[in-house]
Amino acid sequence: MPTSARWDTIGRYVLGLIGLLALAECVTRLELVPAIYLPHASTIMVRVWFLLQDRSFLENLLATLYVWAFALAVSTFISVPLAIALGSSDIAFRIACPIIDLIRPIPSVCLIPLAVIVWGQGLFTKIFLVTYAMTWPILYNGIYGVHDVDPVTIQSARCFGLRRAAVLRHVSLPSAAPFMFTGFRVAATVGLIVLIGVELLTGLDKGIGAFILHNSVTGGQAESVFAAAAIAGFLGLAINLGLEAVDRRAFLWSRVDRYE
Amino acid sequence: MSTSLFKPSLSNLPRRWWMAPGASDLFVGLGPVLALLFVWEAAAQAEHSLFFPPPTAVFVRVYQLWLTGPADHLFLTDAAFRDVIPSIGRMLAGWCAALGIGILCGTVIGRSRVISDLLTPGIEFVRAVPSPALIPVFLILLGTETTMRVTLIAFGSVWPILLNTIDGVARIEPRLLDTARIFDFPRSATIFRVVLPFAAPKICAGARIATSTAVILMVVSELVASADGIGHHIVDAQQLFLMTDMWAGIVLLAGIGFTLNLIFSAFERRMLRWHFAARGRAERQ
Amino acid sequence: MMSDKELLAVCDLSHQYGPGQIVIASLNFEVKRGEFLSIVGPSGCGKTTLLRSVAGLQKYTGGEIRFEHKVVRDVPKGLAMVFQDYSRSLMPWSTIWANVELPLKYKVGLTAADRQRIVTESLRAVGLRHVGDKYPWQLSGGMQQRIAIARALAYQPRLLLMDEPFASVDAQMRADLEDLVARVRYEFDITVLLVTHDIDEAVYLADRIIVLSVSPSSILAEIKVTLPKERNQIATRASADFVAIRTRVSELIYRSRGAAAVQPDVEN
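Residues numbered from 1 in each chain as written. Chains lettered and ligands numbered in written order. Predicted model: local features only at pLDDT ≥ 70, side-chain atom pairs only at ≥ 80, totals over all residues.

A. Expanded view of the overall build of chain C. Looking only at helices and strands, chain C has 9 helices and 10 strands in total. Compactness check: chain C gives a C-alpha radius of gyration of 19 Å against a globular reference of 18 Å for 268 residues, within 12% of the reference. With the principal axes as the frame, chain C shows a C-alpha extent of 65 × 40 × 40 Å. Expressed as a percentage of its 268 residues, the buried residues of chain C come to 40%. Taking all contacts inside chain C whose residues are at least 6 apart in sequence as the whole, residues at least 24 apart take part in 71%. (Helix = DSSP H or I, 4+ residues; strand = E, 2+ residues; numbered from the N terminus. Rg over C-alpha atoms; globule rule 2.2 N^0.38 Å. Buried ≥ 20, exposed ≤ 12 C-beta atoms within 10 Å, placed from the backbone. Contact = placed C-beta atoms within 7 Å.)

B. Molecular detail of the nonpolar core. Membership of the largest hydrophobic core comes to 202 residues, with the highest contact counts inside it found for Val130(A), Ala228(A), Ala229(A), Val219(B) and Leu161(C). A per-element tally of this core places helix α8 (residues 187-223) of chain B first, with 18 residues. With residues up to four places along the chain from it excluded, the contact list for Leu161(C) reads Leu51(C), Val54(C), Ala55(C), Leu79(C), Met81(C) and Leu193(C). (Core = buried A, V, L, I, M, F, W, Y, C linked by C-beta atoms within 7 Å.)

C. Here's a closer look at the interface of chain B and chain A. At the interface, 49 residues of chain B touch 49 residues of chain A. Secondary structure elements with two or more residues in the side of chain B that touches chain A: α1 (21-47), α4 (113-128), α5 (131-142), α8, α9 (230-239) and α10 (243-271) of chain B. Broken down by element, the side of chain B that touches chain A gets its largest block of residues, 9 residues, from α4(B). Split by residue class, the side of chain B that touches chain A holds 37 nonpolar, 10 polar and 2 charged. (Nonpolar A, V, L, I, M, F, W, Y, C, P; charged D, E, K, R; others polar.)

D. Main features of the domain arrangement of chain B. All names here are of chain B. Per the domain assignment, the segments making up chain B are domain 1 (19-66) and domain 2 (71-272). The gap between the C-alpha centroids of domain 1 and domain 2 is 30 Å. For the side of domain 1 that touches domain 2, the class distribution of residues is 8 nonpolar, no polar and 1 charged. (Domains from an automatic or database assignment.)

E. Inspection of the environment of Arg146(C) at higher detail. Residues and elements named next belong to chain C. Tracing the backbone through its elements, the reader meets Arg146 in helix α5 (residues 141-154). Residue classification places Arg146 among the buried positions, given that 25 C-beta atoms sit within 10 Å. The sequence separation of Arg146 and Ala238 amounts to 92 residues, and the corresponding C-alpha distance is 27 Å. Setting aside chain neighbours within four positions, we find Arg146 in contact with Val126, Gly127, Leu128, Leu177 and Leu180.

F. Molecular detail of the interface of chain B and chain C. Taken together, the contact between chain B and chain C spans 19 residues of the former and 20 residues of the latter. Of all the secondary-structure elements, those providing two or more residues to the side of chain B that touches chain C are α7 (174-182), α8 and α11 (273-284) of chain B. Of the residues assigned to the side of chain B that touches chain C, the class counts are 11 nonpolar, 1 polar and 7 charged.

G. Here's a closer look at the pairing of strand β7 (residues 159-163) of chain C. All names here are of chain C. Counting buried positions along β7 yields 5 of 5 residues, so the element is predominantly enclosed. The alternating pattern of β7 places Leu159, Leu161 and Asp163 and Leu160 and Met162 on opposite faces, both of which are buried. Examined bridge by bridge, strand β6 (residues 79-82) and β7 share 4 bridges and lie parallel to one another. Among the inter-strand pairings, Val82 is bridged to a residue of β7, identified as Met162. Two elements, β7 and strand β8 (residues 191-196), share 5 bridges in a ladder whose sense is parallel. Paired with Leu160 across the two strands is Val192, which belongs to β8. (Pairing = 2+ DSSP bridges.)

H. Geometry of the packing of helix α6 (residues 123-147) of chain A against helix α8 (residues 164-202) of chain A. Residue and element names in this part refer to chain A. For the pair α6 and α8, interaxial distance at closest approach is 7 Å and the crossing angle is 155 degrees. Our classification of the angle between α6 and α8 gives roughly antiparallel. Judged by the sense of rotation from one axis to the other, the crossing of α6 with α8 is right-handed. Tallied by class, the residues present in the contact of α6 with α8 amount to 19 nonpolar, 7 polar and 1 charged. (Axes fitted to C-alpha atoms, helices over the stretch in contact; angles between N-to-C directions. Parallel < 35°, antiparallel > 145°, perpendicular 65-115°, else oblique. Left-handed = near helix turned anticlockwise from the far one by under 90°.)

I. Just the sheet that holds strand β1 (residues 6-16) of chain C, in detail. Residue and element names in this part refer to chain C. Across the sheet, 10 strands lie side by side as β5-β4-β1-β2-β10-β9-β3-β8-β7-β6; this open sheet has mixed pairing. Lying at the two open borders of the sheet, with one neighbouring strand each, are β5 (70-71) and β6. The pairing of strand β3 (residues 36-40) with β8 spans 5 bridges and is classified as parallel. The partner of Val40 across the bridge, within β8, is Thr196. Contacting β6 and β7, α5 runs over the sheet at an angle of about 175 degrees to β6.

J. The arrangement of the packing of α5(B) against helix α6 (residues 146-170) of chain B in detail. Residue and element names in this part refer to chain B. Where α5 meets α6, the closest approach of the two axes is 10 Å, and the angle between their N-to-C directions is 145 degrees. Regarding α5 and α6, the two cross each other, and that crossing is right-handed. Along the contact surface, α5 presents Ser131, Ile135, Phe138, Leu139 and Leu142, while α6 presents Thr147, Met148, Thr151, Leu152, Phe155 and Gly156. Partitioning the contact of α5 with α6 into residue classes produces 7 nonpolar, 4 polar and no charged.

K. Region of the structure containing the confidence of the model for chain B. Confidence along chain B averages 82 in pLDDT terms, with 87% of residues attaining 70 or more. Mean pLDDT values over the elements of chain B span from 70, in α11(B), up to 94, in α7(B). (pLDDT = per-residue confidence, 0-100.)

L. Fine view of the pairing of β1(C). Residues and elements named next belong to chain C. Pairing of β1 with strand β2 (residues 22-32) involves 7 bridges; the strand directions are antiparallel. Pairing of Ala9 across the sheet is with Glu30, part of β2. Linking β1 to β2, which pair antiparallel, is a turn of 5 residues; within it Gly20 sits at a positive phi near 80 degrees. Where β1 lies against strand β4 (residues 62-67), 5 bridges are found, and the strand directions are antiparallel. Residue pairing for β4: Val10 is matched across the bridge by Ile65.

M. How the structure looks around α8(A). Residues and elements named next belong to chain A. The first and last C-alpha atoms of α8 sit only 48 Å apart over 39 residues, clearly below the 57 Å expected at 1.5 Å per residue. At Ala177, α8 shows its strongest bend, of approximately 40 degrees, with the proline Pro178 following within four residues. Where burial is concerned, most of α8 is hidden: 28 out of the 39 residues are buried. Downstream of α8 by one or two residues, Gly203 has phi in the positive range, about 60 degrees. (Expected span 1.5 Å × (residues − 1). Bend = angle between axes of the 7 residues up to and from the residue.)

Right under this line is the structure:
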């Protein structure tokens, strides 16, 4: 049962959201920009409601979610073993770091034209780009998580006679897990944004981004554009909050600051 | 968790001649990269792939496109001045705006539990909306000019800074606040001499994330409806099927991102010397 | 009853955190100008709550605290405080010199030359004249606490509050710090209110001791310390007077803790 302080916080959250909606409504009604371009907040909310019941939008939504989930699984499958391998060996770590430092800054968006040329406008291109974007946070966090385990803990384990593999299994991996999970969470949220961005910029296939692009091109559908963007926002928020909750439960013991 | 190309510690590796301090850093730092390029070069020469030109060709193209200008223009060509410089300028402008707004608002919000509780859900929501989805909105509101691009970059980059500032400010060590109250510090002193320095590591972490967001948005804003910029160059190259040109653009972006990271790391190491040293000492004890 | 010598008056102070969570039942005492008062009691008796209330850092729910005859509602001027966790009260991004000098910058009526002189003097008094350029993390725990004390001294407070200041320091350093405080107290003529759970320390340093009961706390006894002004870790602690006072305080506290004392589980 939440304490009274917790109820206070929840109360403020709710109040804040209501306030924000009210503010949005007032600002949009001021019509600093004509309503056909920037509809009233209430209109957008109504549209959200309708979209969530609209067959064709839901198809787009699910298309995005399938690709997102698939890419997340693939990138985790690739990154986690790689991170463990690179993080646990000092030499591999030293070799990998500069390469990662060099390639990581390349935003997946600038690979879009390349991917489109090489693989055409299709599902594979989308999956490739999103997987590329998702791999880095998991890999980066994973490598550092495995590599930067508290040396005292490792020494204690060695004192108990644990060999290298056992130390890895019983000390390094559990210790690195929270960091990897943070990377996973970042990948999940960033990946969604990248995915929708890719869909938006190329109109590839089906998806929320494609839906937005289609509606902004045909004009006069500002409500749908904003409503879809809002839904994407809710989706991202839900994913982030959900994963944060899992993080808190699963890694209660690790309350160290984990930078994203 | 800042990373740098040149890691100074050589804890447990055996002492060999090529492990001498300066030499090994360079070797370990550049070695893998050069090896990778070598492999790519060999593969590209062997395969003659249309889509993956050899690195040498790409670097030559980078040079041809942007670095063959007159000496008094720092060897930069007109193309560089038309595409590269404005792009970077817009990105930096947007990032700086995000920094200013983020730190200012973040401090105000973070200082008050009530305000941060009220605003956090809203902030988290707006942050979760994918910025590319808002491009049409920005296009309509602000047109396709510099204002729109800088605003988009600032809008997207402000969130990590804002949230990290709020977090850093809110988690101020209570003993430090007690000290400021006991010694009767004026409010400005409490904020600038106690709260902000304490939050600085977190703020820097947010600013670092924001640099990569800014680069991404810089490119994104130029992929669509644009007449200049690095992103535009890449799309142009794509449409004209000039693979090497396109790769040149990608390499340039990699270089920019990498250099920014390097500069930021150096700046961060200098400004947060106390933080790394204190943490290092705590870890070693 | 107000007298000129009274610096701090705690009148019928009580504090509760919530319904049924009374931590302080009723406390009544005074601190006179120039004296050293130790407050000693078992864990959880509200010692820190008391000190924070006196300092104005925490609002108290009942009774009245008066500092220099004015009711304490917010942090009064003229106070300084030394905390138990020294590493968290010193600013890690500033040098030692800057740390000690900072409070002085906001004190009215001091020139840069004054500050220079005061900081030098304070560092000398705690025996750390040459660490001005170092950073807190470069010093050991004992040294950091000495800096915290120097910072408090430099501020020239009318009342110095100390919240279990030596609890986080090793025994050797504790003895040194106790002697340091005993010395600077006369050198700078400051009034000190020390809160601690260490009975020996309380008796060694104080002119007067107040013994608190377990929570909800009240005053068990007020004991005047009849030891000579000059105190010494070996001789004083072996003296009959010291042992007598110490024993009396220990008895009071142990009896108060009574049923709360730890017993091993008994198998039937």
